[in-house]
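# Analysis of the macromolecular model
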Amino acid sequence: MRILVHDYPGHAFPVQLSRALAHRSHAVRHLCFKEFQAPKGPIERRMDDPAGFELGFLDLGEAFAKHSFAKRWVQERRLGALARADIARWRPDIVLAGNAPLDVQAGSLAGARDVGAGFVYWLQDLVGVAIRKILSKRMPVLGDAIGLYYEAMERRLLRAADAVVAITDDFAPMLRGWGVANIHTVENWAAREEIAVAPRDNAFARAHGLVGVTTFVYSGTLGMKHDPSLLRDLAVARPEARVLVISEGPGAAWLAAANLPNLAVLPFQPFEKLGETLASADVLVAVLESDAGIFSVPSKVLTYLCAGRPILAAIPPENLAARLIGRENAGFAVAPADRAGFLAAAKTLAENPDLRAAQGAKALDYARRTFDIAAIAGRFAAILESASHPRP
């Protein structure tokens, strides 16, 4: 097949999937928006890439206004048009698209239809539901209207897809209620083979003064569905420890302005340094707002599992990531509103190195058992094959 995979942010695990599909003798074009402010995977050409694999990038020709609603809306519509044009030029048999704003996702669907290709909606987040929840709080009347518009768009796009790959069964009841057909569940994973399990004392830890001091590390986006004040409170409650935040944007800037001596903020690090970055932690931290529990599963938790470190998470208990941490005994997950419980769990982990070692080992064991890219690529190939002939 000719497969176009559009993963808008350029994360590590989707490009790993694209490479794995290309190794199965498919022609694969991996498309992403390189300028989007998010942790990036290995989105450069490699010497060992199969001949049938290629990378493509959407280019606005100007800075992306991530935090300006009006300008971002205009830019995302342009990006949707660019995605549509790219698909028209390459003429795939099937398009797998997800992790994108809905205006961009609409462009990918339109591009697939332009060339008679099948379209598989890779459902990472219920974006329309999220927009409505967030904006209705910020702008009660206008925000609710915008949210309703995007919820309707999301339902329309999902119903139009030839197949939907959802990352959790939790999405299925809502999707069925919307009349969405041909739903498959493939849980997200992390590119375990590309994240080296490094020692605690490594070059990154030494460069940033993290050797010999208990260190909590948060690595990833800090957007509207994350509460950075939990990380500030963690630094205040554990003055003997270091709290390192690796992120960019307003949340990271707000934390840097707190001017706490044991709280450091760094920009996103290159993917090739990810193993050392995560290994510099004694504890890895994840946060997710209560309202986001139903529409988002934080993929950073899956990446953390590959590092062999325990996870301290403030995540809604119904969320798949929280259930996974508890089921695998890979750390502690508390409700986002339970600030006291979050800080108590941090204290327990800070004071018990044997517990940290045991939970970190369980985390890594789960990643090694579960994140098998060959098996995952096989599942996707079967779904893509079945959807490669679009419905009338």
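For the structure itself, consult the block above.
Residues numbered from 1 in each chain as written. Predicted model: local features only at pLDDT ≥ 70, side-chain atom pairs only at ≥ 80, totals over all residues. Heavy atoms only, no water.

## A closer look at the pairing of strand β4 (residues 94-98)
In summary, the side chains of a regular strand alternate between the two faces of the sheet. Of all the 5 residues making up β4, 5 are buried; the element is thus mostly covered by neighbouring parts of the structure. The alternating pattern of β4 places Ile94, Leu96 and Gly98 and Val95 and Ala97 on opposite faces, both of which are buried. Sheet topology places strand β1 (residues 2-7) next to β4; 5 bridges connect them, and they run parallel. Across the sheet, Leu4 pairs through a bridge with Val95, a residue of β4. Pairing of β4 with strand β5 (residues 118-123), which is carried by 5 bridges, proceeds in the parallel orientation. Directly across from Val95, in β5, lies its bridge partner Phe119. Remark: the β4/helix α3 (residues 102-114)/β5 crossover connection has right-handed handedness. (Buried < 20%, exposed > 50% of the residue type's maximum accessible area, 1.4 Å probe, protein only. Helix = DSSP H or I, 4+ residues; strand = E, 2+ residues; numbered from the N terminus. Pairing = 2+ DSSP bridges. Right-handed = clockwise from strand over helix to strand, strands pointing away.)

## Quick word on the layout of surface pockets
Over the atoms, a rolling probe the size of a water molecule traces out where space has been left empty. In this model, the second largest pocket occupies a volume close to 250 Å³. Lining the second largest pocket are 17 residues, and of these Val186, Glu187, Asn188, Thr370 and Ile376 sit closest to its centre. Among the elements of the structure, α12 (320-328), α14 (353-370) and α15 (373-387) are those that each provide at least two residues to the lining of the second largest pocket. Residue composition of the lining of the second largest pocket, grouped by class: 12 nonpolar, 2 polar and 3 charged. (1 Å grid on protein atoms, 1.4 Å probe; cavity = no way out; pocket = protein on both sides within 12 Å on 5 of 7 lines; lining within 4 Å. Points joined across faces, edges and corners; volume = space filled by probe spheres on them. Nonpolar A, V, L, I, M, F, W, Y, C, P; charged D, E, K, R; others polar.)

## Focus on the environment of Glu62
Mapped onto the fold, Glu62 is located in the loop between β3 (53-58) and α2 (69-90). Its relative accessible area of 36% is what places Glu62 among the partly exposed residues. Sequence separation between Glu62 and Glu35 is 27 residues, and the spatial gap between their C-alpha atoms is 9.3 Å. Among residues more than four places away in sequence, those in contact with Glu62 are Lys71, Gln75 and Arg78. In terms of polar contacts, Glu62 uses its side chain to reach the side chain of Arg78, at 3.1 Å. (Contact = heavy atoms within 4.5 Å. Polar contact = N/O pair within 3.5 Å; in protein donor to acceptor, adjacent residues only side chain to side chain.)

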